[in-house]
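Read off the chains here:
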Amino acid sequence: MPNQPCRGGLAPAAPFSPDERDAVYKAIETRRDVRDQFLPQPLPIDVVARLLRAAHAAPSVGFMQPWSFILVSDDQVKERAWQAFSRANDEAAAMFPDAQRDRYRSLKLEGIRKAPLSICVTCDPDRAGPVVLGRTHNPRMDAFSTVCAIQNLWLAARAEGVGVGWVSIFRDEDVRELLGIPERIEIIAWLCLGYVDALYEEPELAVKGWRQRLPLDELVFHDRWGTR
Ligand SMILES: Cc1cc2c(cc1C)N(C[C@H](O)[C@H](O)[C@H](O)COP(=O)(O)O)c1[nH]c(=O)[nH]c(=O)c1N2
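Parameters at a glance
- Residues numbered from 1 in each chain as written.
- Predicted model: local features only at pLDDT ≥ 70, side-chain atom pairs only at ≥ 80, totals over all residues.
- Heavy atoms only, no water.
- Near = heavy atom within 4 Å.
- Polar contact = N/O pair within 3.5 Å; in protein donor to acceptor, adjacent residues only side chain to side chain.
- Areas by Shrake-Rupley, 256 points an atom, 1.4 Å probe, with all protein chains shown as cover.
- Nonpolar A, V, L, I, M, F, W, Y, C, P; charged D, E, K, R; others polar.
- Pairing = 2+ DSSP bridges.
- Helix = DSSP H or I, 4+ residues; strand = E, 2+ residues; numbered from the N terminus.
- Axes fitted to C-alpha atoms, helices over the stretch in contact; angles between N-to-C directions.
- Contact = heavy atoms within 4.5 Å.
- Core = buried A, V, L, I, M, F, W, Y, C linked by side-chain atoms within 4.5 Å.
- Buried < 20%, exposed > 50% of the residue type's maximum accessible area, 1.4 Å probe, protein only.
- Left-handed = near helix turned anticlockwise from the far one by under 90°.

The next point concerns the site of the ligand. Near the ligand the following residues occur: Arg31, Arg32, Asp33, Arg35, Leu109, Trp166, Val167, Ser168, Ile169, Pro203 and Leu205. Contact distances for the ligand include 2.8 Å between an oxygen atom and a side-chain N or O atom of Arg32. Between the ligand and Leu109 there is a distance of 2.9 Å, counted from a nitrogen atom to a backbone nitrogen or oxygen. Here the ligand loses 72% of its free accessible area of 610 Å² to cover by the protein chains. Partitioned by chemical class, the residues of the shell around the ligand number six nonpolar, one polar and four charged.

Here you go:
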């Protein structure tokens, strides 16, 4: 692809109005990971297009844009994905200590069959050639960029009334085979999407007593690791 400079200059960057700013923070603070609240109606294609545009507007190392999005709405494919999840989830349960296993088992950790749409997000490490500006000293930057795209989509979805659930309890090779993803492409996420009419006010894992939000001031240091 030819890399001619594109047109564009500096535009004014005034702060948002208070209402606009509140809307951004509202999306951030009320976004939730959704497992069970999906409504069955399909997402209109224009909504999906807006969510994908939001993802594609994400920052990326060297403007690499390494992401691709595989849209999955076929029930049979979703069923096979759920079976792959289910096998991996049995393996996962066995990894937890006895005291936690029953509680782990009681958690709902996916909405693959209930959500009308899944999006598998992948990362192509070769998208911008072998040497990428900004990735020269840490090859994982391409995956980090793809995660930025996912977060954009997740926040835009909140504004659209669309719930998103990230499912990562899979063996990569199962998803790779199911969706025909080549070996050189990294699988970053399986996202479940659908309209929701209710969301937890706090992370579901906190509500269910699995793990609580950490105090922010314990995570902020000044000038040196560990210095408050
Ligand atoms: C990389 C990654 C991977 C996963 C998740 C998130 C992220 C960022 N989360 C969702 C996660 O549990 C959730 O974000 C936290 O519990 C916080 O809750 P809220 O997202 O604020 O609702 C998640 N949830 C789940 O039920 N099954 C899963 O496999 C995963 N995997």
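So, about the sheet that holds strand S4 (residues 186-195). The strand order S1-S2-S4-S3 describes an open sheet built from four strands, whose pairing is antiparallel. Two strands in the sheet have a free side with no partner beyond their single neighbour: strand S1 (67-72) and strand S3 (162-167). Going from strand to strand, the sheet's axes swing by 25 degrees on average, the running direction of each strand aside. Sheet topology note: the strand S2 (residues 117-123)/S4 ladder contains seven bridges and is antiparallel. Note that in S4 the partner of Cys120 across the bridge is Trp190. The sheet strands contacting helix H2 (residues 45-56) are S1, S2, S3 and S4, and the helix crosses S1 at an angle near 160 degrees.

Glancing now at the nonpolar core. Residues Ile112, Phe170, Val175, Leu179 and Trp190 are the most contacted members of the largest nonpolar core, which totals 28 residues. Elements supplying a minimum of two residues to this core: helix H3 (75-95), helix H6 (172-179) and S4. When near neighbours in sequence (up to four residues on either side) are disregarded, Phe170 contacts Ala81, Ala84, Phe85, Ala88, Ile112, Val175 and Trp190. Core analysis: the second largest hydrophobic core is formed by 24 residues, Leu43, Ala143, Ala157 and Ile188 among them.

This paragraph deals with the packing of H2 against helix H5 (residues 141-160). What describes two packed helices is the angle between their axes and the distance between those same axes. Following both chains from N to C, one finds H2 and H5 inclined at 140 degrees, their axes separated by 7 Å at the closest point. The chirality of how H2 crosses H5 is right-handed. Residue-level contacts link Val47, Arg50, Leu51, Leu52, Ala54 and Ala55 of H2 to Ala149, Asn152, Leu153, Ala156, Ala157 and Glu160 of H5. A breakdown of the residues in the contact of H2 with H5 according to their chemical character gives nine nonpolar, one polar and two charged.

Turning to the environment of Arg103, a few remarks are in order. By the secondary structure assignment, Arg103 is in helix H4 (residues 98-106). Along the primary structure Arg103 and Gly209 are separated by 106 residues, whereas in three dimensions their C-alpha atoms are 9.3 Å apart. Every residue in contact with Arg103, bar those within four places of it in the chain, is listed here: Lys208, Gly209 and Trp210.

Relative to the helices and strands, Glu110 resides in the loop between H4 and S2. Note on Glu110: relative accessible area 7%, which makes it buried. Separated by 3.3 Å, the side chains of Glu110 and Trp82 make a polar contact. Discounting chain neighbours no more than four positions away, the residues touching Glu110 are Arg35, Trp82, Phe85 and Val167.

Bringing the environment of Gly62 into the picture now. Looking at where Gly62 falls in the secondary structure, it is placed in the loop between H2 and S1. Once the C-alpha coordinates of Gly62 and Arg135 are considered, the two residues, 73 residues apart in sequence, prove to be 7.4 Å apart.

Across the ten residues of S4, nine count as buried, placing the element largely inside the fold. Taken together, the six bridges between S3 and S4 define a ladder with antiparallel strand orientation. Residue Val167 lies in a different strand from S4, and its bridge partner there is Trp190.

Keep in mind these values describe shape, not function.
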